[in-house]
Amino acid sequence: MTTVSTWRWPTPDGRPPLPLLAGMTVLLAMLWLTAPVVEVDFVRLAGSFGKMIDFAAQMFVAPDWAYVPQLLAKMLETIEMTLLGTAIAIVISLPMGILAARNATPHVAVYRVTRDLLSLMRALPELVWALVFVSAVGLGPLPGVMALAFVTVGFMGKFFAESIEVVDNKAVEGVRAHGAGWLQVRLFAMLPQALPDFVGTVMYILDHNLRAAAILGLVGAGGIGYDLVMSMRLFQYERLLLIALAIYLVVTVLDRASDRLRSRIIHGKVL
Amino acid sequence: MKLVDTTPSAVPAATLPPKPRNPLPIWVAATLAILWLIIIDLDISFEVLAYGVADMGEYFSRYGQPDFSDLSRYLALMGVTLATALWGTTLALVVAFFLAPLAARNFAPNPIAYRLARETLNFMRAMPDLLLALIFVSALGLGPLPGALALGVHTAGFLGKFFAESLERIDNGVCEGVASTGANFPQMVMYAGWPSILREALGYVLYILDRNVRMASVLGLVGAGGIGLALHDTLRLFEYGQSAALILVILATILIIDYASAWLRRRLG
């Protein structure tokens, strides 16, 4: 057997499938066209490796231990913002999700309007809304929580609606056959079936919101982000190191926890 | 004569198992208590919020007249943002393409490579893209390129994890079939791995592209080019008309991409 034949494509004629080839060509063409716009410059990139290593070397300084109490307070604030924003969003998303689910909505028009509203809410990133809310209610964690809750409703409402849409219709018919009203059908037939999905969604959103909350401080909306940017601007690498580590730790712990919980839910051990 | 026996069964009620306790009120109370503590700790006063809501109506009315006089510049900036997202996504795709098979339990050639790839992906995911952008900006200078790099590194972590999870879900028969021909690691990945998850993988890439467009529009805040910088500047200068126009441009672009990717995903699915 020649080496050529061992690497033929798993298609009848041994050539790459046409859609893949076309897709790759279009992608390469677009990359080539947009390269000047993004100022891709491999010489500059290669030349910056030295600087990058310098930067990384500067990160390895003795950490500023005196900063730790403030760091912990700021990290706590970040986590609290995440929890509060997510909790508010859950309360708003549940009714929105019911309205935006094809099989639970009271009317098709309501379904359409809610869907569009949700996609508008999640269109812009948290940071843009944080900018707007900071201008509206002033600095501090409040605009951060508002921005988080606002964007999260857009995502969570959509995810909730999608998990309501795939519930088994038999239970719904069964509950309806008992003479259950509109709200009772939704509360006792649809939501219980969608609950495991909901928990998975909430874990995913918590994860996402923690990352977002960690950078909201950039625009003055509370959390660790402000310290992060300031220590970057003032070249306080002894603080930057600690902040980066703290963010990494918290995100990783939540990531692992949500992974574990999600796999337990998928295997039916919770709820 | 009764058709159905409706008399209580002979088994006395006392032997029935007790009604399961409903822990819901406890959970709700605990959650509310924690949220209350958080609200106190964050110093959020509802008075401020109430006044804020009144002020906010007035505040948002200032965005009433979008000023589209500079539209061509905004569109050019949006183009830069889109290009940044495209480059970032491509970089992520390339990195994930090589890392994901190593991070999938059923494909990894040895446990050390598996752990190493997993940890690398975790690390990439854990670093916020704005922090990465800050680092790359200070190393490379201002411009869209550091933004594209930051997006690429951060989302490579996500894409790699998604790909690895899809690879792990591949039916074992497919892997065994290819392995029984004596395929080595790259051949396993190319013939058993990617072809089995092509559709799923395309869906993930679309999702990441979507996400990167959103993020690219704020990366300008840290000097990584694109439309975010313009938005930041106009908000700082209280040019509400121009800010409104910029927000509308971003919103329209993201909605168009949203619909396009939903359409594509429907066709793929």
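Cut-offs applied
Residues numbered from 1 in each chain as written. Chains lettered and ligands numbered in written order. Predicted model: local features only at pLDDT ≥ 70, side-chain atom pairs only at ≥ 80, totals over all residues. Helix = DSSP H or I, 4+ residues; strand = E, 2+ residues; numbered from the N terminus. Rg over C-alpha atoms; globule rule 2.2 N^0.38 Å. Buried ≥ 20, exposed ≤ 12 C-beta atoms within 10 Å, placed from the backbone. Contact = placed C-beta atoms within 7 Å. Domains from an automatic or database assignment. Core = buried A, V, L, I, M, F, W, Y, C linked by C-beta atoms within 7 Å. Expected span 1.5 Å × (residues − 1). pLDDT = per-residue confidence, 0-100. Axes fitted to C-alpha atoms, helices over the stretch in contact; angles between N-to-C directions. Parallel < 35°, antiparallel > 145°, perpendicular 65-115°, else oblique. Nonpolar A, V, L, I, M, F, W, Y, C, P; charged D, E, K, R; others polar.

Digging into the overall build of chain A
Secondary structure assignment for chain A yields eleven helices and zero strands. Each helix and strand of chain A, placed in order from N terminus to C terminus, yields the pattern α-α-α-α-α-α-α-α-α-α-α. Compactness check: chain A gives a C-alpha radius of gyration of 25 Å against a globular reference of 18 Å for 271 residues, more than 25% above the reference. Taking the principal axes of the C-alpha coordinates as reference, chain A spans close to 75 × 65 × 40 Å. Sorting the 271 residues of chain A into buried and exposed places 37% on the buried side. The contacts in chain A between residues at least 6 apart in sequence include a share of 70% that link residues at least 24 apart.

Comments concerning the overall build of chain B
On a plain count of helices and strands, chain B comes out with ten helices and zero strands. Going residue by residue from the N terminus, the α and β elements of chain B occur as α-α-α-α-α-α-α-α-α-α. Whereas a compact globule of 269 residues would reach a radius of gyration of roughly 18 Å, chain B reaches 27 Å, over 25% beyond that. Its C-alpha atoms give chain B principal-axis dimensions of about 90 × 70 × 40 Å.

Section: the domain arrangement of chain A
According to the domain assignment, chain A contains domain 1 (3-59) and domain 2 (65-266). The straight-line distance from the C-alpha centre of domain 1 of chain A to that of domain 2 of chain A is 34 Å.

Quick look at the nonpolar core
Counting 136 residues, the largest nonpolar core has Leu127, Ala130, Ala147 and Leu216 of chain A together with Ala133 of chain B as its most contacted members. It is helix H7 (residues 141-165) of chain A that provides the largest number of residues to this core, a total of 15 residues.

Some details on the interface of chain A and chain B
Taken residue by residue, the interface counts 44 residues in chain A and 49 residues in chain B. Of all the secondary structure elements, the ones that give two or more residues to the side of chain A that touches chain B are helix H2 (18-38), helix H3 (42-59), helix H4 (68-99), helix H6 (126-137), H7, helix H9 (182-216), helix H10 (225-233) and helix H11 (237-266) of chain A.

Side note on helix H1 (residues 24-41) of chain B
Residues and elements named next belong to chain B. For H1, which comprises 18 residues, the first-to-last C-alpha distance of 26 Å matches the rise-based estimate of 26 Å (1.5 Å per residue) to within 8%. When you tally the buried positions in H1, you get one out of 18 residues, a small fraction of the element. Looking at the residues trailing H1, positive phi occurs at Asp43, about 65°.

Quick word on the environment of Phe185 of chain B
Turning to its location among the elements, Phe185 of chain B is positioned in helix H8 (residues 185-219). The sequence separation of Phe185 of chain B and Pro25 of chain B amounts to 160 residues, and the corresponding C-alpha distance is 54 Å.

Some thoughts on the confidence of the model for chain A
All names here are of chain A. Summary statistics for chain A give a mean pLDDT of 82 and a share of 93% for residues scoring 70 or more. Between the elements of chain A, mean pLDDT differs from a low of 50, seen in helix H1 (residues 3-6), to a high of 90, seen in H7. Overall, residues 1-5 carries pLDDT values under 50, and its contacts beyond four positions in sequence, including any with other chains, amount to one contact.

Here's the deal with unusual backbone geometry
All names here are of chain B. Positive phi outside glycine occurs at Phe238, with the angle close to 55°. With respect to the helices and strands, the residue Phe238 is situated in the loop between helix H9 (227-236) and helix H10 (240-268). Judged by the 10 C-beta atoms lying within 10 Å of it, Phe238 is exposed.

Some thoughts on the packing of H8 of chain B against H10 of chain B
Residues and elements named next belong to chain B. For the pair H8 and H10, the least separation of the axes is 10 Å and the interaxial angle reads 180°. For the element pair H8 / H10, the angle class is roughly antiparallel. Here Arg199, Leu202, Gly203, Leu206, Asp210, Val213, Arg214 and Ser217 of H8 come into contact with H10, specifically with Ile250, Ile254, Ile257, Asp258, Ser261, Leu264, Arg265 and Leu268. In terms of residue class, the contact of H8 with H10 is built from eight nonpolar, three polar and five charged.

Overview of helix H5 (residues 129-140) of chain B
A turn of α-helix holds 3.6 residues, and therefore any two residues three or four places apart point the same way. Over its twelve residues, H5 of chain B extends 16 Å from the first C-alpha to the last, a length consistent with the 16 Å expected when each residue adds 1.5 Å. Among the residues making up H5 of chain B, those that are buried are Asp129, Leu130, Leu131, Leu132, Ala133, Leu134, Ile135, Phe136, Val137, Ser138 and Leu140 of chain B.

Section: the environment of Thr84 of chain B
Here Thr84 of chain B is to be found in helix H3 (residues 71-99). Assessed through the 35 C-beta atoms surrounding it within 10 Å, Thr84 of chain B is described here as buried. With 89 residues separating them along the chain, Thr84 of chain B and Gly173 of chain B place their C-alpha atoms 40 Å apart. If we skip the residues at most four places from it in the chain, Thr84 of chain B touches Val38 of chain A together with Pro144, Gly147, Ala148, Leu151, Ala216, Gly225 and Gly226 of chain B.

Here we look at the environment of Ile224 of chain A
All names here are of chain A. With respect to the element layout, Ile224 can be found in the loop between H9 and H10. Judged by C-beta crowding, with 26 C-beta atoms within 10 Å, Ile224 ranks as buried. Residues Ile224 and Glu77, 147 residues apart in the sequence, show an inter-C-alpha distance of 7.7 Å. Setting aside residues up to four positions removed in sequence, Ile224 forms contacts with Lys74, Met75, Thr78, Ala214, Gly217, Ile243 and Ile247.

Structural notes on the confidence of the model for chain B
Interpretation of the predicted coordinates at a detailed level should be avoided for regions scoring low in pLDDT. Overall, the prediction assigns chain B a mean pLDDT of 82, with 94% of residues at 70 or greater. On the interface metric, ipTM, the complex scores 0.74, and its pTM is 0.79.

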